[in-house]
Structure formats: C-alpha cells, structure tokens
Amino acid sequence: MKDDKDTIENTRSDKLWGGRFSEKTAASVEAFTASIHYDSRLYRHDIAGSRVHARMLAKQGLISEAECDSILDGLEAIEHEIDSGNFEFRPELEDIHMNIEKALVEKIGAAGEKLHTGRSRNDQVALDLRLYLREVCGWFQELLSDVQKALVLLARKYENAVMPGYTHLQSAQPVRVAHHLLAYYEMFRRDKDRLADCFKRINVMPLGSAALAGTGLPIDREFVARELGFPAVTANSMDTVGDRDFAVEFLADCALIQMHLSRMSEELVLWSSQEFAFIEIADRFCTGSSIMPQKKNPDVPELIRGKSGRVVGHLMAMLTILKGLPLTYNRDLQEDKEPVFDTVDTISQCLSITAEMLTGLKFNTDTLADATRTGFMTATDLADYLVLKNIPFRQAHSIVGKTVAYCIDKGKQLEELSLEELHQFSQSIEEDVYSVLSVQGSVDSRQSAGGTSARTVSEALRLAEEALGIE
Ligand code: ARG
C-alpha cells in the first residue's frame, strides 16, 4: 500500500504560503498571478528593505545576532547573483519578494525562515515601490535639468534672434527666440518642483504596517525608517497597505512632463516643415522615407508626441485601479507596477533624447526675421503708441484695425505707410512712430517683468544659468 503521508506531500501546495492548501496551484493561475517578470526590477530595493528589517529584528531580540548575520550574508550573495545575471527567477514563486525569500531559505536554511517575522508582503511591496520612486524622483530632476541646460544654451546662442510669437497659431507679436525657448525652461522648472513635492509623500516609511493592522510583535519602525533614510513612518497601517496615492501623483507629474515634451516636439515638427523652415534638426536625429528620396522626417519629436498616449494612459490606469478598492490591500494593487515602470522608461528615454536633440538644433535666423515682417505683428505697438498720445485704448484698437485693413487692401506692411497715409487714421501719429513699427523696436519695448525685451530676457537667462550652474 502506498504511504499516505507520501501521497499527501505530493499533492500539497509547495508555496511559502501553502500550509492550508490541499492541492497545488493550477499552472494557469501561477502564470496569471505572477509578477516576477516585471517586479524583479525591485530586487535591490527589496533586499535593502530586508537588510534593515533583519537588523531591526535582531536589535529587538526577535532573532539572534547569528541569525541576522546569516540573513545578511545570504541577502548579499543573492544580490550578487541577481546583479551578475546568475539568479534564476521562478514564476511559480509569484513575485520578487518570494523569489528572494525562497532563495534565502534554500541558501541559509532555518534563519531565512525568520526574515518575514512581523512583516507582510503588503507592507513590503509598499516599501519597495517607495524606495524605487524615491530614486526615480531624483534621477528625473537631473534629466529635466539636462533638458533645461540644452534650452538655456540654445537661448543664449540665439539671444537676439527674433521670431513670430503666435496665438491661435496666427502670427501675433514678434518675440525673441530665447524668450520662446525659456518658456519651456519654466515648464520644466515647475516639473522639477512637482517631483520634489511628490517626493515628500513618497518619502514616508510603510514597513511595520504588516498585513493591514500592524503587528503584536515588538518591532521598531522608527529604527527602520532612520536606517533607510525616511524622515517619518506612515500613521495608519490600513491606509498604508492600500495607499498608492504617491504613485498616482508620480504618474500625474510624469504626464505633465510628457505633455510639456510633447508640446515642444509639436513645435519642432512644425518648425522643421518646409512651410515654416524655422529650424534644422540635425540629420542624426532624423530618418528618411523608404519611398520618397527627398524626405527627412522628424521622427524623434513625433515619437515623443506619440508616447504621450501611453504616459497619460498609465495615469488613467492607476486611478481606475484604485477607484473601487475597499480597504485595505487587494491584489489589484499588483497592477500598479507596469504603468509605473513603463512611465519611468518612457520619460527617461524622452528626456534624454530631447536634451541630445536640442544640442543639435539650428535656427534659421533670416527666415525667422523675415517671418516677423509679415502679418502686421507690430499692430499692438501702434495701438500702445496711440495710448501714450492719450487716445483711449479701445479707440486706438479701432484706429489700428482700420489701418491694417487699409494695408491689406494696398498690399503694404505697416512700416511701409507714409506719414500722410497714417494721418488718414489719426492725426496724433508723428515721425517717431517708425521706431515703434520696427520689429526690433517692438520686441525691445516689452520690458514688463517676464516680457521679451533684450533687458528682461537677458535677466531671465542670467537667472536660469545661475540656477543650473552654467558658467
Ligand atoms: N506581488 C504583490 C504586489 O505587487 C505583492 C503583495 C502580495 N500580497 C498578497 N497578499 N498577495 O502587490
């Protein structure tokens, strides 16, 4: 007769959590629930958390010093194996937490089985994700600075070049090229501020919340927080294991970064078209057509623009995952990682390549200057001139409107009108009007704070260079 015990052992679950299970997990379920193919990315953070957790357990007398040493040695060896690509990740062990724990037990035996004391994967995964995003926030701030530097260098190079400024994509008023570029510098500055703010909420230590209710074991959360460089521990264990607000915030900040990159990309695509011909994107950042030999396509900014789809989508995914979840941890939360990781990969690629591409950008300053001489872009200056001659702005607006209509009719630009022609519209116009109607005069008159004059732009450039440490 077959040994009863043997039969039971063969059919029982061999999972770390398998004690109460009487049959093995279906292969389809193992495949469906596994996250190791993406959360292996968190191994360094998982090990960092486990190291401190083990030291805390020893300090609190929950494991012996010898057991702690053995755990630390085991974790060290596992980290090396993963670093060098010699670790075998096993999907049947679900996730990074259990892959590492199982490997530890196999390596060091009984002491390894004590590592999970006073801890749950629910607070463990929250810790790993926070440790990971804490790093990414710093990294992205640096990448954003690289893009800003490229923008500021370009702005300095083209400090005095002028170009049409647009509203409704209709020529509106002439501006400095540098002023336009520094507009993006400001967007990326806000993006950095937002990441710094998000970092504050990421930077709170969740471990010790255990499964959901805390633990009866005498753990020391403050010690773990201190050792891992967190200024505080989370306040409510139930909130902690179900909270992914910090991930939503991070994804929202990334969506804004990508939206800014996308707007800039759209301009690069537009400006590099034959119709605009404002810029040249270096050949090494463009691709050709397989059928049209003359083509040079701006695929890089197009792809950056296109990748907004996935980044915005990941934010929506994260909010949708969370919106109906009852407290506390639910397995749905495992779906947080792929949106976060893909966002990190996308944003890091897009920021790096943008910084690189900007360095190879050339502005066609003559074309830009020519473009400012059509479209009556100094019309507002003429209205402001009349205001300074004591004509109420609404009347001035109407006078200039009629003058522009006259120009369209005669096929002339404003500065081509003689004083006699101008007098048809207002007797207040004098010889000094021509400096106002010139593009340079217009641009340099805009000295209000944040305006496009030589003085204000030069000051903005100086501040930007100082902030970025550019000599
Ligand atoms: N892989 C899981 C996740 O990413 C880890 C936590 C699992 N917890 C659990 N009780 N099944 O969310």
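Computed from a prediction, not measured in an experiment: that's the story for all the values here.

Each value, and the rule that gives it
- Numbers given for residues are sequential positions, taken from 1 along each chain in its written order.
- With pLDDT at 70 or above as the cut-off, local features in this predicted model cover only qualifying residues; side-chain atom pairs require 80 or more to be listed or tallied, and sums for whole chains, interfaces and linings still use all residues.
- Side-chain numbers here rest on the full set of heavy atoms in the structure, without hydrogens or water.
- Helix and strand definitions here come from DSSP, where helices need a minimum of 4 consecutive H or I residues and strands a minimum of 2 consecutive E residues; each element is numbered from the N-terminal end.
- For this measure, only C-alpha atoms enter the radius of gyration; the expected value for a globule follows 2.2 Å times N^0.38, where N is the number of residues.
- Three labels apply to residues, based on accessible area from a 1.4 Å probe with only protein chains included: buried if under 20% of the type maximum, exposed if over 50%, partly exposed otherwise in between.
- The criterion is simple. A nonpolar core is a set of buried Ala, Val, Leu, Ile, Met, Phe, Trp, Tyr and Cys residues joined through side-chain atoms within 4.5 Å.
- Any two residues whose heavy atoms approach within 4.5 Å at even a single point are treated as in contact.
- Throughout this document, a residue counts as near a molecule or strand when at least one of its heavy atoms sits within 4 Å of that molecule or strand.
- For the purposes of these results, a polar contact is taken to be a pair of N or O atoms within 3.5 Å, where, inside protein, one atom must be able to donate a hydrogen and its partner to accept one; residues adjacent in sequence count only when each atom of the pair is a side-chain atom.
- Values of accessible area rely on a 1.4 Å probe in the Shrake-Rupley scheme; residue burial ignores everything except the protein chains shown.
- Taking the helix axis as origin, the arc is that swept by the directions to the C-beta atoms.
- What makes a patch is a set of residues exposed beyond 30% relative accessible area and free of salt bridges, joined within 9 Å when like-charged and within 5 Å when nonpolar (Val, Leu, Ile, Met, Phe, Trp, Tyr).
- By salt bridge we mean one thing: a side-chain nitrogen of Lys or Arg within 4 Å of a carboxyl oxygen of Asp or Glu.

J.: Before we go on, may I ask you to explain the overall build of the chain in this structure?
T.: When its secondary structure is counted, the chain shows 20 helices and 4 strands. On C-alpha atoms alone, the chain measures out to a radius of gyration of 31 Å, which is more than a quarter above the 23 Å that the 2.2 N^0.38 rule sets for 471 residues. Taking the principal axes of its C-alpha atoms as reference, the chain extends roughly 120 × 55 × 45 Å. The buried share among the 471 residues of the chain stands at 48%.

J.: Honestly, the nonpolar core in this entry has me stumped. Any pointers?
T.: Side chains of a nonpolar character, in soluble globular proteins, are inclined to be buried together. Membership of the largest hydrophobic core comes to 105 residues, with the highest contact counts inside it found for Phe140, Phe250 and Phe363. At 16 residues, helix 7 (residues 121–157) tops the list of elements feeding residues into this core. Residues contacting Phe250, with those up to four places away along its chain left out, are Leu133, Val136, Cys137, Phe140, Leu195, Cys198 and Val344. Counting 20 residues, the second-largest nonpolar core is a separate cluster that includes Leu386, Val400, Leu414 and Leu419.

J.: Even after reading the chapter, I still don't get the site of the ligand, so can you show me in this structure?
T.: Near the ligand the following residues occur: Ser35, Asp95, His97, Arg121, Asn122, Val125, Tyr329, Arg331, Gln334 and Lys337. Within the side chain of Asp95, an N or O atom sits 2.9 Å from a nitrogen atom of the ligand. Arg121 places a side-chain nitrogen or oxygen 3.4 Å from a nitrogen atom of the ligand. Within the complex, the protein chains bury 87% of what would otherwise be the 340 Å² of accessible surface of the ligand. The element contributing the most residues to the shell around the ligand is helix 7, with 3 residues.

J.: So what exactly am I meant to see when it comes to helix 14 (residues 365–372) here?
T.: Turn by turn, an α-helix covers 3.6 residues, leaving residues three or four places apart pointing in a common direction. For helix 14, every residue scored as buried is listed here: Leu368, Ala369, Ala371 and Thr372. End-on, the buried residues of helix 14 take up no more than an arc of 160°, which puts them together on one face. Contact partners of the buried residues in helix 14: strand 1 (162–167), strand 2 (170–176), helix 8 (177–202), strand 4 (361–363) and helix 19 (439–445).

J.: What am I meant to see in the environment of Arg373 here?
T.: In this fold, Arg373 is placed in the loop between helix 14 and helix 15 (379–388). As for Arg373 and Glu415, which are separated by 42 residues in sequence, their C-alpha atoms are 9.3 Å apart. Other than its neighbours up to four places away in sequence, Arg373 contacts Gln413 and Val439. One polar contact links Arg373 to Asp370, side chain to side chain, over a distance of 2.9 Å.

J.: Explain a nonpolar patch on the surface to me, please; I cannot follow it from the model alone.
T.: A cluster of nonpolar side chains, namely Leu212, Met238 and Leu327, defines an oily patch on the protein surface of about 290 Å² accessible area. Looking at where Leu327 falls in the secondary structure, it is placed in the loop between helix 12 (299–323) and helix 13 (337–359).

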